[in-house]
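Here is what each chain is made of, one letter per residue.
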Amino acid sequence: MNILFASKDRDLLKCYQLLLSDEDTAVDTAFDGIQVLNAIAAKKYDILIVSQDIPRITCRQIVEHAKSMRLPVIVLTQKKTGLNILLDDVLANDYLEMPFVSEELKKEIDDVICKAGSEEELDFGDFSVKTSDFSMGKLPVTAREMDILSALYGKRELSAEKDGIFINAINGKLSKQGFRKQIRYEKNNGFRLVTENE
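The rules we used
Residues numbered from 1 in each chain as written. Predicted model: local features only at pLDDT ≥ 70, side-chain atom pairs only at ≥ 80, totals over all residues. Heavy atoms only, no water. Helix = DSSP H or I, 4+ residues; strand = E, 2+ residues; numbered from the N terminus. Buried < 20%, exposed > 50% of the residue type's maximum accessible area, 1.4 Å probe, protein only. Contact = heavy atoms within 4.5 Å. Pairing = 2+ DSSP bridges. Axes fitted to C-alpha atoms, helices over the stretch in contact; angles between N-to-C directions. Phe/Tyr/Trp six-rings, centres within 6.5 Å; stacked < 30°, edge-to-face > 60°. Lys NZ or Arg CZ within 6 Å of the ring centre and 35° of its normal.

*Asks:* Hey, could you run me through the side chain of Thr-142 in this one?
*Replies:* Relative to the helices and strands, Thr-142 resides in the loop between strand S9 (139-140) and helix H6 (143-153). Its relative accessible area of 0% is what places Thr-142 among the buried residues. When near neighbours in sequence (up to four residues on either side) are disregarded, Thr-142 contacts Leu-86, Leu-91, Ala-92, Asn-93, Asp-94, Tyr-95, Phe-134 and Phe-166.

Here is the structure:
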């Protein structure tokens, strides 16, 4: 596996290059946006990990460019992912709040790469969710939103505390596209996808 890890913090780059590298994984680093774009133009990567505060080119521009190349992206953030980010038309495959332990990052990498390589499609009638391109209808979704939609599809339980912001983002995306479905909580049934006015 080839990983590109980008951050303005050179100590962090060295640390994660050592932690993630092994006989099956090569980790290249970049410390600004120009280096990121040059690196992904010169070499095929399986995933890009980029800090939100990368200098010289905005993280949003990097994510947009990487996604146009079908390169999965995890963005490292200094704060919790807000609804404004989740409702943006340019969306990374996932967001990880710093600080985190290395096992969290490894799990996120595996999860995003697994989903990106899957051809699974969840059909909800009015709309479908494609795991290979992280999309719901015509809008992008994160790996966490895909987990929630998959749980709804398989009738598994969700947690309002843990999943609330992502549920709100999914509902916003459904409304934005004119779909008449929303995720609602029902006392005896938990969260489920319902048609509006149901």
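*Asks:* What is the right way to look at the pairing of strand S10 (residues 181-186) in this model?
*Replies:* Strand residues, when the strand is regular, have side chains that alternate between the two faces of the sheet. With six bridges joining them, S10 and strand S11 (residues 190-195) adopt antiparallel strand pairing. When the sheet's bridge partners are listed, Tyr-185 is paired in S11 with Phe-191.

*Asks:* How do you make sense of the sheet that holds strand S6 (residues 121-123) when you look at a structure like this?
*Replies:* Sheets are built from strands that pair by backbone hydrogen bonding, the pairs being arranged parallel or antiparallel. Read from one edge of the open sheet, four strands run S6-S7-S8-S9, paired in antiparallel fashion. Every interior strand has two partners, whereas the edge strands, S6 and S9, have only one. Sheet topology places strand S8 (residues 135-136) next to S9; two bridges connect them, and they run antiparallel. Within S9, the position partnered with Ser-135 by the bridge is Pro-140.

*Asks:* Explanation requested: the sheet that holds strand S1 (residues 2-6) in the structure shown.
*Replies:* Here five strands make up an open sheet; going across it, the order is S2-S1-S3-S4-S5 and the pairing parallel. Single-partner strands in this sheet number two, and they are strand S2 (26-30) and strand S5 (94-97). The sheet shows a mean angle of 20° between the axes of neighbouring strands, taken without regard to direction. Both S1 and S2 contribute to a ladder of five bridges, which runs parallel.

*Asks:* Teacher, can you tell me more about the packing of aromatic side chains here?
*Replies:* Aromatic ring pairs: the centre-centre distance and the angle between the two ring planes describe each pair. Scanning the model with the defined rule gives six aromatic pairs in all. Both rings, one in Phe-124 and one in Phe-127, keep their centres 5.0 Å apart while their planes meet at 20°; by these two values the pair is stacked. On the basis of relative accessibility, which here comes to 13%, the residue Phe-124 falls in the buried class. By way of ring pairs, the aromatic residues Phe-124, Phe-127, Tyr-153 and Phe-179 are connected into one cluster. Note that Arg-10 overlies the ring of Phe-31, its terminal NZ or CZ placed 3.4 Å from the centroid.

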